[in-house]
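Here is how the chains run, residue by residue.
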Amino acid sequence: MESRCPVALDITGKDIHAEAEHLRSLGPATLIELPGGVTAWAITDYEVLRRVLTDTRVTKSARAHWPAFTNGEIRPDWELISWVAMDNISTSWGSDHKRLRRLVGKAFTPRRIEAVRPLIVQLTNELLDGLATAGPDEVVDLRQQFAYPLPARLVADIIGMDETALAKTAPVINMMVDTTVSPEVAHGILMGWRDAMSEFIASKRANPAEDITSDLIAARDDEDGGKLSEGELTDTIFAILGAGSETTINFLSNAVTNLLTHPDQLELVKSGEKSWDDVMEEVLRAEAPLASLPLRFAADDVDLDGVLIRKGDPILVNYLAAGRDPKLHGESACEFDITRADKEHISFGYGPHYCLGAGIARLVGAIGLSTLFERFPDISLAVPAEDLQRLPTFIMNGHRSLPVRLNARVPAEAH
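Here's a quick rundown of the structure. Since the structure is predicted, the reported quantities are computational estimates derived from the model, not experimental observations.

Okay, the sheet that holds strand 1 (residues 7-8) next. Ordered in space as 1-2-3-9-6-4, the six strands form an open sheet in which the pairing is mixed. Sheet topology places strand 1 and strand 4 (58-59) at the edges, where each strand pairs with a single neighbour. As paired elements, strand 6 (residues 292-298) and strand 9 (residues 314-318) share four bridges and run antiparallel to each other. If you follow Arg296 over to strand 9, its bridge partner there is Ile315.

Put into structure tokens, the structure is as follows:
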């Protein structure tokens, strides 16, 4: 298998669905070429992915299990360096991962998730009030004016970040998911987000409050720093900010796009025949907001249905392909259909790295989408769906913008 010519991924992400289908047709694991000529194994099969995500021989720690990273073969300006150089809950393994997950998990208990509901409602209505000033025929970018600020401001509030600090980190996050960046830009991204996070954490040390950053700082500074290293602190806060905002932005954008291009299904929701939960689960299945996540690594040789992943080999998990696997969802796997009985997916991950923020993401989705369509029942796309420009990445599944016309509006006080 190793002698096979790797498939070069399209770094522009112009048709990630077609690419996922092609990779699946090549087998349970396919050798691919990432930016910079780095090879890895792409996994697109749903059942194989579930096994990989729970296999103790597969980890997310480049420091522990990727020889090419630790021996210097991977350049410090590699295009995807930020995804593997982090030292946080998403890249840790074993006892370190359990320790970090226990600390961070305190912010995402069911009680704390429910406690943010009023803030989500408040932010949603504030943003929609702003949109309500648009004229009936005016085109607005719903991504920039709603799908982006809603989760970004929410997560910033959870970690205790003000708008000034958020403005400094937002461009870095946007560039980090762009897989077309140059090596020089990639190195700058890594330095940029670490500098921004260090500055933010210094401000929180001086002015602690009731937020997750202050809680983690206390854990870091307690017992001579034995609970959390400074690097783990910095990188974990950044991971919460990035993971909590970027994926939800794409989820909201994909949900609106699919509902507006499937008006019959939107009517089923408006009539109460189908729920917003049906919408959210089908969006997560058919349009996973996180398409392919770099990277995991084989800590030992792993045989995947006849394909040998050798110890030290990197692995790219393709969540987008998994949700559309015809072996799970039949011939209609690629179709968006909120009425399908089985909407099974692993878009929040699976196993020990299952997304801690899944509960908050679902709450944002339910409140954001239901309120949007209540306030603007006649919303429509301003361009054909096929003309929407995709984000320049194979990591995320989303659009650069979402131009819509809001048309008739229902006043906020009516709800």
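What follows is about the sheet that holds strand 5 (residues 139-141). Strand order in this open sheet of three strands is 5-11-10, and the pairing throughout is antiparallel. Two strands close off the open sheet at either side, each with one partner strand: strand 5 and strand 10 (380-381). Bridge analysis of strand 5 against strand 11 (residues 403-405) gives three bridges, and the strand direction is antiparallel. Residue pairing for strand 11: Val140 is matched across the bridge by Val404.

Turning our eyes to something else, we now look at the pairing of strand 3 (residues 39-43). When you tally the buried positions in strand 3, you get four out of five residues, the bulk of the element. Where strand 2 (residues 29-33) meets strand 3, five bridges bridge the pair, whose relative direction is antiparallel. Across the sheet, residue Glu33 finds its bridge partner in strand 3, namely Thr39. Pairing analysis gives three bridges linking strand 3 to strand 9, with the strands arranged parallel. Looking at strand 9, one finds that Ile43 is bridged to Val317.

Attention now goes to the packing of aromatic side chains. The geometry of two aromatic rings is summed up by the distance between their centres and the angle between their planes. As enumerated under the stated definition, the model contains five aromatic pairs in all. Between the aromatic rings of Phe348 and Tyr354, the centroid separation amounts to 6.3 Å while the plane-to-plane angle is 65°, which identifies the pairing as edge-to-face. The exposure class assigned to Tyr354 is partly exposed, which follows from its relative accessible area of 33%. Three or more aromatic residues joined by ring pairs form one cluster here, namely Trp66, Phe69, Trp78 and Phe297.

Axes are the key here: two packed helices are described by the angle between their axes and the distance separating the axes. Two elements in contact, helix 16 (residues 276-286) and helix 19 (residues 358-375), have axes whose closest approach is 10 Å; the angle formed by their N-to-C orientations is 115°. With respect to the hand of their crossing, helix 16 and helix 19 are arranged in right-handed fashion. Contacts from Trp276, Val279, Met280, Glu281 and Leu284 in helix 16 reach Arg362, Gly365, Ala366, Leu369, Ser370 and Phe373 in helix 19. Across the contact of helix 16 with helix 19, the residue classes break down as seven nonpolar, two polar and two charged.

Here we come to unusual backbone geometry. Keep in mind that most residues, glycine aside, have a negative phi and that most peptide bonds are trans. The omega torsion of the bond from Pro294 to Leu295 falls at -20°, within 30 degrees of zero and hence cis. Tracing the backbone through its elements, the reader meets Leu295 in strand 6. A positive phi is found at Asp305, a non-glycine position, where the angle reads about 50°. Within the secondary structure, Asp305 sits in the loop between strand 7 (302-304) and strand 8 (307-309).

What follows covers the pattern of salt bridges. On inspection of all chains with the given rule, the structure shows 26 salt bridges. Here Asp77 ties to Arg75 by a salt bridge, and the two come within 2.7 Å at their closest N and O atoms. Classification of Arg75 as partly exposed rests on a relative accessible area of 32%. For Glu281, the salt bridge goes to Arg362, with nearest N and O atoms at 2.8 Å. Of the two residues, Glu281 sits in helix 16 while Arg362 sits in helix 19, which places them 81 residues apart along the sequence. Where salt bridges share partners, they join Glu21, Arg24, Asp45, Asp325 and Lys327 into one cluster.

Now for the environment of Asn207. Note on placement: Asn207 falls in the loop between helix 12 (183-206) and helix 13 (212-221). A relative accessible area of 53% means that Asn207 is categorised as exposed. A sequence separation of 54 residues divides Asn207 from Arg153, and the C-alpha atoms of the two residues are 20 Å apart.

This next bit is on the packing of helix 10 (residues 149-159) against helix 14 (residues 230-260). For the pair helix 10 and helix 14, interaxial distance at closest approach is 8 Å and the crossing angle is 155°. With respect to helix 14, the element helix 10 is oriented roughly antiparallel. Here helix 10 and helix 14 pass one another in a crossing that is right-handed. On the side of helix 10, the interface is formed by Leu150, Pro151, Ala152, Val155, Ala156 and Ile159, while helix 14 contributes Ile237, Ile240, Leu241, Gly244, Ser245, Thr248, Ile249 and Leu252. Each residue belonging to the contact of helix 10 with helix 14 can be placed in one class, and the counts come to eleven nonpolar, three polar and no charged.

Within helix 2 (residues 46-54) the residues assigned to the buried category are Tyr46, Val48, Leu49, Val52 and Leu53. Considered in projection along helix 2, the buried side chains sweep an arc of 155° and stay on one side of the axis. Sitting at the amino-terminal end of helix 2 is Asp45, which places a side-chain oxygen 3.0 Å from the backbone nitrogen of Glu47.

Rules used throughout
Residues numbered from 1 in each chain as written. Predicted model: local features only at pLDDT ≥ 70, side-chain atom pairs only at ≥ 80, totals over all residues. Heavy atoms only, no water. Pairing = 2+ DSSP bridges. Helix = DSSP H or I, 4+ residues; strand = E, 2+ residues; numbered from the N terminus. Buried < 20%, exposed > 50% of the residue type's maximum accessible area, 1.4 Å probe, protein only. Phe/Tyr/Trp six-rings, centres within 6.5 Å; stacked < 30°, edge-to-face > 60°. Axes fitted to C-alpha atoms, helices over the stretch in contact; angles between N-to-C directions. Left-handed = near helix turned anticlockwise from the far one by under 90°. Contact = heavy atoms within 4.5 Å. Nonpolar A, V, L, I, M, F, W, Y, C, P; charged D, E, K, R; others polar. Salt bridge = Lys/Arg side-chain N within 4 Å of Asp/Glu carboxyl O. Parallel < 35°, antiparallel > 145°, perpendicular 65-115°, else oblique. Arc of directions from axis to C-beta. Polar contact = N/O pair within 3.5 Å; in protein donor to acceptor, adjacent residues only side chain to side chain.

These figures come from the coordinates and say nothing about function on their own.
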